[in-house]
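# Structural overview
Take a look at the letters that make up each chain.
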Amino acid sequence: MSSSSASSSSSSSSSSSSSSSASASTTPTPKPPVPIIIATPAEEAPEETEAAEASGETTEEMNFVKKARKRKRKKKGSDSADADAPTVNLSNLPATVPDSAKNLLTEVSRTCYIEGLPFSTTPASVTAFITSHSLTVESLRLPTWQDTGRLRGFGHVVFPDSSTAAKAVEVLDRVQYPQSTRYIRISMSKPPKSVQARDPGEQPEGCRTVFVRNLPYDYKTESLRNLMSQFGKVEDNGVRIPLMLDGSGRNKGFGYVTFKNAEGAAGAVGKAKKAYGLCEEGGRPLVVGWEEGGRVKGSFKTEEGRNWAKVEGGKGKKGRKEGPKL
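Predicted model only: the values in this text are computed from it and were never measured.

Moving on to the overall build of the protein. When helices and strands are counted, the protein shows eleven helices and eight strands. Residue burial in the protein is summarised as follows: out of 326 residues, 31% are buried. A sequence separation of at least 24 residues applies to 65% of the contacts in the protein between residues at least 6 apart. A total of about 20400 Å² of accessible surface is found on the protein, and carbon and sulfur atoms cover 52% of it.

Spelled out as structure tokens, the structure:
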């Protein structure tokens, strides 16, 4: 009896030891925790931080520079765009251009746009830098920050004449600014959009309505009708100029003209796409493009204060069937 009990106890002990060893082998070994490393601002951008400290620029100014660089990276073909920038040619302007516009164009032809200036510099330093290259400066327009009063890094330089401005672009573009790591960029100022040729795109099939912008605030529908009649017949009640809601009687500076045929719309857009190609009686250039919207809104009112839905040819009883589409 004693031998059998001993054998049974030994077998049970061996089985328990084997099961304990098996369970120990199946238990997963815990992994050490992953260390979390928090980068300091100096570790994230040490070069930019050192540059900011060296130039004395604030965090707001450095963020402004970063955003400006990001916008430039997104803009594709910036160099080609600068090369193809429109130039001012006073000899090719129509006779309808007023003297005030010609004076503005003369000012633009001798003005350059400059950027990349250090925030810590001053207008006097910028003038000294430009004159050190044998160039004469007439005036500067350099915007500043409202809180610190320091320069924002860009602006305009006015030279005595257009030849001096062209020489400045040739001599100063991509030149390193003194006591700074920055290289400035300088180019001829772009003329106003009113003297640039516009591309209105292809005429939509059957489009007879044009959208007119840059109207004087006191311009009347009859004046716009007379102006557009040179391109073709205009539909009855086909001229619409929205008015201000303040009761002053002034318009919103734009309007719509619906011709009786598509050729009239094409003639108006074709002439207006040139610089000062289509001007109102006072010499103000008008911008004309294709209008592909729906019908006139029911809330639109005429100069007499009548609701468009009640006007013959509007959206009233007859207008629903015969009214012009925009």
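Following the structure, the description resumes.
The next thing to look at is the environment of Arg225. Structurally, Arg225 can be placed in helix H9 (residues 221-228). Between the C-alpha atom of Arg225 and that of Asn237, which follows or precedes it by twelve residues, the distance is 9.7 Å. Beyond its immediate chain neighbours, meaning those up to four positions away, Arg225 contacts Val234, Glu235, Asp236, Asn237, Gly238 and Val239. Polar contacts involving the side chain of Arg225 include one to the main-chain carbonyl oxygen of Glu235, which spans 3.2 Å.

Attention now goes to the environment of Glu222. On the secondary structure map, Glu222 appears in helix H9. As a C-alpha pair, Glu222 and Arg240 span 18 residues in sequence and 9.9 Å in three-dimensional space.

Here we take up the nonpolar core. Grouped together as the largest cluster of nonpolar side chains are 22 residues, with contacts concentrated most on Val210, Val212, Leu224, Met228, Val257, Phe259 and Val288. Where this core is concerned, the elements lending two or more residues are strand E5 (209-213), H9, strand E6 (234-240), strand E7 (254-259), helix H10 (262-272) and strand E8 (287-290). Ranked by residue count, the leading element in this core is H10, at four residues. The contact partners of Phe259, leaving out residues within four places of it in the chain, are Arg208, Val210, Met228, Phe231, Gly232, Lys233, Val234, Glu235, Gly264, Ala265 and Ala268. Core analysis: the second largest hydrophobic core is formed by 18 residues, Cys112, Ile114, Phe129 and Ile130 among them.

How each quantity is defined
Residues numbered from 1 in each chain as written. Predicted model: local features only at pLDDT ≥ 70, side-chain atom pairs only at ≥ 80, totals over all residues. Heavy atoms only, no water. Helix = DSSP H or I, 4+ residues; strand = E, 2+ residues; numbered from the N terminus. Buried < 20%, exposed > 50% of the residue type's maximum accessible area, 1.4 Å probe, protein only. Contact = heavy atoms within 4.5 Å. Areas by Shrake-Rupley, 256 points an atom, 1.4 Å probe, with all protein chains shown as cover. Polar contact = N/O pair within 3.5 Å; in protein donor to acceptor, adjacent residues only side chain to side chain. Core = buried A, V, L, I, M, F, W, Y, C linked by side-chain atoms within 4.5 Å.

Functional significance is not addressed by these values, which are geometric in nature.
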